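Residues per chain are reported as follows:
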Amino acid sequence: MHDSVTAKLHDTLKELYHQAIDADKKLAELRTRGQAKFSAVLREDSQFTTHADHFMPYVAELAEELELLEMSADEEYQALLGRMVHKIHVLADTLGQFLRLS
C-alpha cells in the first residue's frame with residue numbers, strides 16, 4: 001500500500017518540479033522588468049518551513065519530506081502523509097494560478 005502511494009507522490013513531485021522550472025523562469029523574466037518584488041512565493045501559514053522568492057526550494061522541501069515518509073514507521077506515516085498532501089495541494093494550486101496568469 002505504502003509503495004503505491006509513494007510512487008504516486010514521486011510522479012506528482014516530478015510534475016511539480018517541471019512546473020517550478022517554468023514558473024521560476026517566468027519569475028526571473030518578471031524581475032528583469034522590475035516586477036515580482038515579493039520575498040516569498042507562499043504565505044507563512046502554508047505549513048512549509050521554506051520561505052523563498054521562487055518555487056524550486058518548495059519542491060526541494062517536498063522531496064525531503066518524501067524521503068522521510070518512505071523511511072517512517074506506520075504510526076507516523078499517516079501524519080506525515082497528511083501534511084505532505086496538504087503542502088502539495090498548496091504548492092500545486094499556487095503554481096497553477098501563477099502559470100495561468102503569466
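Scroll up for the structure.
Worth saying up front: this structure is predicted, and the values here are computed from it rather than measured. Position numbers for residues count from 1 along each chain, tracking the sequence in the order it is written. Given that the model is predicted, a residue must reach a pLDDT of at least 70 before its local features are reported, and side-chain atom pairs must reach 80 or more before they are shown or counted; all residues, however, enter totals for whole chains, interfaces and linings. Side-chain measures here rest on the full set of heavy atoms in the structure, leaving out hydrogens and waters.

*Asks:* Please give an account of the nonpolar core that cites residues and values.
*Replies:* The term nonpolar core refers to a set of buried residues drawn from Ala, Val, Leu, Ile, Met, Phe, Trp, Tyr and Cys, joined through side-chain atoms within 4.5 Å. Burial classification: accessible surface area is computed with a 1.4 Å probe over protein chains only, and a residue below 20% of its type maximum counts as buried, one above 50% as exposed, and the rest as partly exposed. Of all hydrophobic cores here, the largest spans 26 residues; its most connected members are L16, F55, L62, L69, M84 and L91. Contributing elements (two or more residues each) for this core: α1 (2-32), α2 (56-71) and α3 (74-101). By definition, any uninterrupted DSSP run of H or I lasting at least four residues is a helix, any uninterrupted run of E lasting at least two residues is a strand, and each is numbered from the N terminus. The dominant element in this core, judged by the number of residues it contributes, is α3, at 8 residues. In this structure, F55 is in contact with A20, A23, D24, L27, V41, L91, T94, L95 and F98, ignoring residues within four places of it in sequence. Contacts between residues were defined by any pair of non-hydrogen atoms, one from each residue, lying within 4.5 Å.

*Asks:* Explain the packing of aromatic side chains to me, and be specific about the residues and the numbers.
*Replies:* Two rings from Phe, Tyr or Trp (for Trp, the six-membered ring) form a pair when their centres are within 6.5 Å of each other. A pair whose planes differ by under 30 degrees is stacked, one over 60 is edge-to-face, and the rest are tilted. Inspection of every chain in the model, using the stated rule, returns 2 aromatic pairs. Look at F48 and Y58: their rings are 5.2 Å apart centre to centre, the planes differ by 90°, and that puts the pair in the edge-to-face class. Placement of F48 in the loop between α1 and α2 and of Y58 in helix α2 is noted, with a sequence separation of 10 residues between them. Residue F48 is classed as buried on the basis of its relative accessible area of 4%. Between F55 and F98, the ring centres sit 5.7 Å apart and the planes meet at 45°, which makes this aromatic pair tilted. You can see F55 sitting in the loop between α1 and α2 and its partner F98 sitting in helix α3, a full 43 residues away along the chain. As far as the burial class goes, F55 and F98 line up, both buried. Charges are assigned to positions over rings by a cutoff of 6 Å between ring centre and Lys NZ or Arg CZ, combined with an angular limit of 35 degrees from the ring normal. The ring of F38 carries R31 above its face, with NZ or CZ at 5.2 Å from the centroid. Above the ring of F48, the side-chain terminus of K87 is found at 4.9 Å from the ring centroid.

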